[in-house]
Amino acid sequence: MKVVNLKQAILQAWKERWSDYQWAVNMKKFFPKGATWDILNLAEALMEQAMIGPSPNPLILSYLKYAISSQMVSYSSVLTAISKFDDFSRELCVQALLDIMDMFCDRLSCHGKAEECIGLCRALLSALHWLLRCTAASAERLREGLEAGTPAAGEKQLAMCLQRLEKTLSSTKNRALLHIAKLEEASSWTAIEHCLLKLGEILANLSNPQLRSQAEQCGTLIRSIPTMLSVHSEQLHKTGFPTVHAVVLLEGTMNLTGETQPLVEQLMMVKRMQHIPTPLFVLEIWKACFVGLIESPEGTGELKWTAFTFLKIPQVLVKLKKYSHGDKDFTEDVNTAFEFLLKLTPLLDKADQRCNCDCTNFLLQECSKQGLLSEASMNNLMAKRKADREHAPQLKSDENANIQPNPGLILRAEPTVTNILKTMDADHSKSPEGLLGVLGHMLSGKSLDLLLAAAAATGKLKSFARKFINLNEFTTHRSEESTKAASVRALLFDISFLMLCHVAQTYGSEVILSESNTGGEVFFFETWMQTCMPEEGKILNPDHPCFRPDSTKVESLVALLNNSSEIKLVQMKWHEACLNISAAILEILNAWENGVLAFESIQKITDNIKGKVCSLAVCAVAWLVAHVRMLGLDEREKSLQMIRQLAGPLYSENTLQFYNERVVIMSSILEHMCADVLQQTATQIKFPSTGMDSMPYWNLLPPKRPIKEVLTDIFAKVLEKGWVDSRSIHIFDTLLHMGGVYWFCNNLIKELLKETRKEYTLRAVELLYSIFCLDMQQVTLVLLGHILPGLLTDSSKWHSLMDPPGTALAKLAVWCALSSYSSHKGQASSRQKKRHREDIEDYISLFPLDDMQPSKLMRLLSSNEEDANILSSPTDRSMSSSLSASQLHTVNMRDPLNRVLANLFLLISSILGSRTAGPHTQFVQWFMEECVDCLEQGSRGSILQFMPFTTVSELVKVSAMSSPKVVLAITDLSLPLGRQVAAKAIAAL
């Protein structure tokens, strides 16, 4: 009935020729308060009456324009009414509607409820569809007019349509509203895309170039709406990227055995966050590899770097290629990166000198083999480098002429690893002598380290170690055997034992230990390594039951060592001897201390221990190292002397095969085992010159200097230089171990906040991020959970958050948060698993889950004058001040990182809603800007999902954040509530 009344009222106004003002006054008398004009469909009723004839009714149109200007009707109701008109043959009516659209299409707004704002988005989408249909109809008429010879009328209407389209779409705010509408109504967007295609076909034959280009421009704007958030400009003013450099150096120095996928993801994260162009990104990876090669310590370190550069990095690039948008583009980018690399002649010459070969040549061949370079590009680059090398200083000296270059050896070692793995799969009982021949060959020269480096870089080291554990276990089961078979078994046991110890010390014990070996058989070597082998950060108790086995077996072992001229091999249980040797050594030590045994007897015993199998000496020293730690200064002498006796080789003709090769590995193992104890007891033991790598990064910290001084010094040097080198990485790692995560992170952040030179603060962020990669998860928890809240809630520290250090800290915090959040679903790297975890504080008690129990953080905040309710805007009282997308996605809030992020965003929300502004408010703005800048678009589950929805309305009040794109970026548009919040914030801008 009301609609009829409305229609009657409009007709009465027309009959009596009321002015627009008079009409509005009378309408308000006819319809007293209650229902709004939109509910009564006033806009649609006026439109219906105005468009009855072939031309529009000017008086009723003037009422509609007045209703729009005086905001009696909403923009969404007018747009919806316009989009229902579909008789495009009535030219004058269409023009009148286009004129009405012209009144407001570039300044749409809505200050009502969230549902009304979503309504505006939908109405704008309908209006866009109507405009496109109208344009297509006008273009069709123009084409017909051209054929009939009367083009003028159609051209005018087409120009009007295109002008309105352009005006509507050139507003970022409108495109943002359309972006939301597209997600709300996917089917309507499909209709728009079809319309665009049809329009394109019609306009393709248009002779007027101005109209055609205008139409193309409108089409481009419409197509850009779905992707309007993923456009990032790349950094073209920089050529060096220290973060990429440091991440590669860190991985090559400390994590050769790590899987490639986490490294690829970390590098892609850095590339995205810093907007690095692909050619410069690939160039930086190569630069880091060459620097690593040049810097690497001789021996194992150099082989590890060679394997990393020539075997692992090409695999990493193959995976990076999958992230790029086209194969062809990526190979062109790799080619460009090599072109840039060839210009760094001094770097390449130095690497060639170090490796005694043309490194670039090997690398180009490897990349071509992996499909990263075309053959033509490879040949072209090789020729350029060859020409360059002609002018290089003499790269080959006479003494190096006979040395085979490592890159060639490593590339040849890779297929050998596969062959050895196949050999190890065979039944050991059938041809143990043949297997022994293979193992003996592996021990000669640097073969073992070459094979291990190649296996580590290609991800085969775990299965390599597993095969040796199986072999070692096989030798513990003996049957009736001849003397020859017994010596072969002893050698297989010894070589496999020594190799496994060497692998554990060089690449970390997690390579050896099988994953969750529950219910399965636990092998001897794994048991021994977990309970008896000294490692960095692992303190053993010499009185532990594992060192106190069966006493009768110990007595017979002591008798065997003391009385025999040499140990008999037949039926010898080597694994039992290894487990019993610790208790036997204790007995022997006690006898020596009490004068029961003379030094000559001790020499005979130690010769017996190391005479046949070196593993016994390794097990004996492992226990002695634990024992010496527990002794007073004056009690250590005999134990240390015994270690000395065991460390030297036995000069006897009656030793088993490959004795010298085995002693070389044993000495290296013992040197690693004793390093800690020798340093603590200020003792020196001369281990035989092994020819292998002594411990390159051992004992880096200067003595008698506070570690805080060392930290600030090394950071200052790195900052001045602009990049992190391998030695610095190891020093930072040692300091992180010693000081703990909080101490390490807190002191480095203090150094960052002291910096006032803008270019240095940005450099510091890039370097700190890469240093924090030593243990990103724990550092992020400390940074976001303790350090930032401390700075933001203490007004006496706000001054330190001024620009430039404040901007830099915001950037660093976002980078750490994004990296940790994207990777914490994956496994921690072996490097991080090994690190001793400190209890930072129980995150569950620090940040409780329910809103009823205020967290420590929120209690801190309430000491400022805010009440929690101030956080929510008056219109959204129903929405909990802390409701965020993460709760709707049911993210696990028992996870410490999720909890810390949720609380940080609560704190940010509280600061934005606060009555006090200051550097901390500015810091929050920088933090949010960086979040937007780094976001990977469309990624549901970014860190911003932890931000309460109510923060959006607070953020748009900050001038720098009041842009539609920012609102779209910070809200989770995959959720209906997220779209409502975004629409409300954008419509109010």
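Residues numbered from 1 in each chain as written. Predicted model: local features only at pLDDT ≥ 70, side-chain atom pairs only at ≥ 80, totals over all residues. Heavy atoms only, no water.

Remarks on the overall build of the chain
Filter applied, for reference: Runs of E in the DSSP output that reach at least two residues are strands. Runs of H or I that reach at least four are helices, and both are numbered from the N terminus. We call a residue buried when its accessible area falls under 20% of the maximum for its residue type, exposed when it is over 50%, and partly exposed in between, using a 1.4 Å probe and counting protein chains only. Pairs of residues are marked as contacts when any of their non-hydrogen atoms sit within 4.5 Å. Note on areas: Shrake-Rupley, 1.4 Å probe, and residue coverage restricted to the protein chains presented here.
A tally of regular secondary structure across the chain gives 46 helices and zero strands. Expressed as a percentage of its 989 residues, the buried residues of the chain come to 56%. For the chain, long-range pairs separated by at least 24 residues make up 79% of all intrachain contacts whose partners lie at least 6 apart in sequence. In the form shown here, the chain has an accessible surface area of approximately 42,500 Å², with 52% of it arising from carbon and sulfur atoms.

A word on the nonpolar core
For the record, the criterion: For this analysis, a nonpolar core means a set of buried residues of the types Ala, Val, Leu, Ile, Met, Phe, Trp, Tyr and Cys, connected via side-chain atoms within 4.5 Å.
Within the largest apolar cluster, 348 residues are counted, with the highest numbers of intra-cluster contacts made by Trp23, Trp528, Phe772 and Met928. Sort the elements by how many residues they give to this core and helix H7 (residues 114–148) lands first, with 16 residues. Apart from residues no more than four positions distant in its own chain, tryptophan 528 is found in contact with Phe497, Cys501, Met533, Leu579, Val618, Cys619, Ala622 and Met673.

Brief notes about helix H35 (residues 758–772)
Operational definition: By this rule the span expected of a helix is its residue count minus one, scaled by 1.5 Å.
Between the first and last C-alpha of H35 there are 21 Å, a value that for 15 residues agrees with the 21 Å anticipated at 1.5 Å per step. Burial of H35 is extensive: eleven of the 15 residues sit out of reach of the surface.

Points about the packing of aromatic side chains
Spelled out, the test is: Stacked, edge-to-face and tilted labels apply to pairs of Phe, Tyr and Trp rings (six-membered ring for Trp) whose centres lie within 6.5 Å, assigned for plane angles under 30 degrees, over 60, and everything in between, in that order. By definition here, charges over rings are those cases where NZ of Lys or CZ of Arg is within 6 Å of the ring centre and within 35 degrees of the ring normal.
Under the counting rule described, the total for this entry stands at 17 aromatic pairs. Ring geometry for phenylalanine 464 and phenylalanine 468: centres 5.3 Å apart, planes at 55 degrees, overall tilted. Highlighted residues: phenylalanine 464 and phenylalanine 468, both in helix H23 (residues 461–474), separated by four residues, approximately one helical turn. Given a relative accessible area of 2%, phenylalanine 464 falls into the buried group. The class for phenylalanine 468 is buried, based on a relative accessible area of 3%. The lysine or arginine in question, lysine 638, covers the ring of tryptophan 592, its NZ or CZ lying 5.4 Å from the ring centre. A cation sits over an aromatic face here: arginine 757 above tyrosine 760, 3.6 Å from the ring centre.

Side note on the pattern of salt bridges
Pairs can form between side chains of opposite charge whenever their charged atoms are close. For clarity, the cut-off: Salt bridge, as applied in this entry: a Lys or Arg side-chain nitrogen positioned within 4 Å of an Asp or Glu carboxyl oxygen.
Counted under the stated rule, the structure contains 27 salt bridges. Of the charged contacts in the structure, one is a salt bridge between glutamate 709 and arginine 705, with a shortest N-O distance of 3.3 Å. The class for glutamate 709 is partly exposed, based on a relative accessible area of 39%. Residue classification places arginine 705 among the partly exposed positions, given a relative accessible area of 32%. Among the ionic contacts, a cluster of salt bridges with common partners joins Asp349, Asp352, Asp358, Arg385 and Arg389.

Brief notes about the environment of threonine 458
If you trace the backbone, threonine 458 turns up in the loop between helix H22 (447–457) and H23. Each C-alpha atom, one on threonine 458 and one on threonine 257, is 8.1 Å from the other, the two residues being 201 residues apart in sequence. Every residue in contact with threonine 458, bar those within four places of it in the chain, is listed here: Leu311 and Glu414.

Looking at the state of the cysteines
The condition that has to hold: We call a pair of cysteine sulfur atoms a disulfide whenever their separation is within 2.5 Å.
According to the stated counting rule, one finds zero disulfides in the structure shown. Take cysteine 121: it sits in no disulfide, and the sulfur closest to it among the cysteines is that of cysteine 117, at 7.5 Å. Using a relative accessible area of 0% as the deciding quantity, one classes cysteine 121 as buried.

Digging into the packing of helix H18 (residues 359–369) against helix H19 (residues 375–390)
How we decide: Axes, fitted as lines to C-alpha atoms, cover a helix only where it is in contact. Angles between the N-to-C directions of the axes lie from 0 to 180 degrees. In this scheme, roughly parallel covers angles under 35 degrees and roughly antiparallel covers those over 145, while 65 to 115 is roughly perpendicular and the rest are oblique.
Running from N to C, H18 and H19 cross one another at 180 degrees; their axes reach a closest spacing of 10 Å. Relative to H19, the element H18 lies roughly antiparallel. Along the contact surface, H18 presents Thr360, Asn361, Leu364, Gln365 and Ser368, while H19 presents Met378, Leu381, Met382 and Arg385.

Structural notes on unusual backbone geometry
For the peptide bond that leads from aspartate 803 to proline 804, omega is 5 degrees, which places it in the cis range. Mapped onto the elements, proline 804 comes out in the loop between helix H36 (776–793) and helix H37 (805–823). The phi dihedral of arginine 17 is positive, around 50 degrees, even though this residue is not glycine. Relative to the elements of secondary structure, arginine 17 occurs in the loop between helix H1 (2–15) and helix H2 (20–30). Of the residues examined, arginine 17 reaches a relative accessible area of 55% and is grouped as exposed.

Considering the environment of valine 247
With respect to the helices and strands, the residue valine 247 is situated in helix H12 (residues 242–254). Under the relative-accessibility criterion, valine 247 is labelled buried at 1%. Between the alpha carbons of valine 247 and isoleucine 771 there is a distance of 8.4 Å; along the sequence they are 524 residues apart. Discounting chain neighbours no more than four positions away, the residues touching valine 247 are Leu263, Gln266, Leu267, Ser770 and Cys773.

Focus on the side chain of lysine 321
Inspection of the secondary structure puts lysine 321 in helix H15 (residues 300–323). Under the relative-accessibility criterion, lysine 321 is labelled buried at 15%.

Describing the packing of helix H3 (residues 42–50) against helix H4 (residues 58–69)
Quick reminder of the rule: Less than a right angle of anticlockwise turn of the near helix away from the far helix marks a crossing as left-handed, whereas a clockwise turn marks it as right-handed. Throughout, the ten residues Ala, Val, Leu, Ile, Met, Phe, Trp, Tyr, Cys and Pro are labelled nonpolar, Asp, Glu, Lys and Arg are labelled charged, and all others, Gly among them, are labelled polar.
Direction vectors running N to C along H3 and H4 enclose 160 degrees, while the axes themselves pass 8 Å from each other. By the angle between their axes, H3 is roughly antiparallel relative to H4. The interaxial crossing formed by H3 with H4 has left-handed handedness. Counting all contacts with H3, which are made through Ala43, Leu46, Met47, Gln49 and Ala50, the residues of H4 involved are Ile60, Leu61, Tyr63 and Leu64. Considering only residue class, the contact of H3 with H4 consists of eight nonpolar, one polar and no charged.

With respect to the confidence of the model for the chain
To be explicit about the condition: The predictor's confidence in any single residue is recorded as pLDDT, a number from 0 to 100.
A residue-level look at the chain finds 85% of positions with pLDDT of 70 or above and a mean pLDDT of 80. Per-residue pLDDT, averaged within each element of the chain, yields its smallest value for helix H40 (residues 856–862) (44) and its largest for helix H34 (residues 741–754) (93). Within the model, pLDDT remains below 50 along residues 826–842, and this stretch shows 33 contacts once partners closer than five positions in the same chain are excluded. Of the regions scoring below 50 in pLDDT, residues 848–879 engages in 49 contacts with residues more than four places distant in sequence or in other chains.

Describing the environment of arginine 763
Counted only if it meets this: Throughout this description, a polar contact denotes any pair of N or O atoms lying within 3.5 Å of each other; where both atoms belong to protein, one of them has to be capable of donating a hydrogen while the other can accept it, and for residues adjacent in sequence the pair is counted only when both atoms sit in side chains.
Following the sequence through the fold, arginine 763 ends up in helix H35. Classification of arginine 763 by relative accessible area gives partly exposed; the value is 24%. Between the C-alpha atoms of arginine 763 and alanine 808, which are 45 residues apart in sequence, the distance is 9.1 Å. Arginine 763 has contacts with Leu719, Glu720, Lys721 and Gly722, leaving out every residue within four places of it along the chain. Engagement of the side chain of arginine 763 in a polar contact is seen with the backbone oxygen of glutamate 720, the distance being 3.2 Å.

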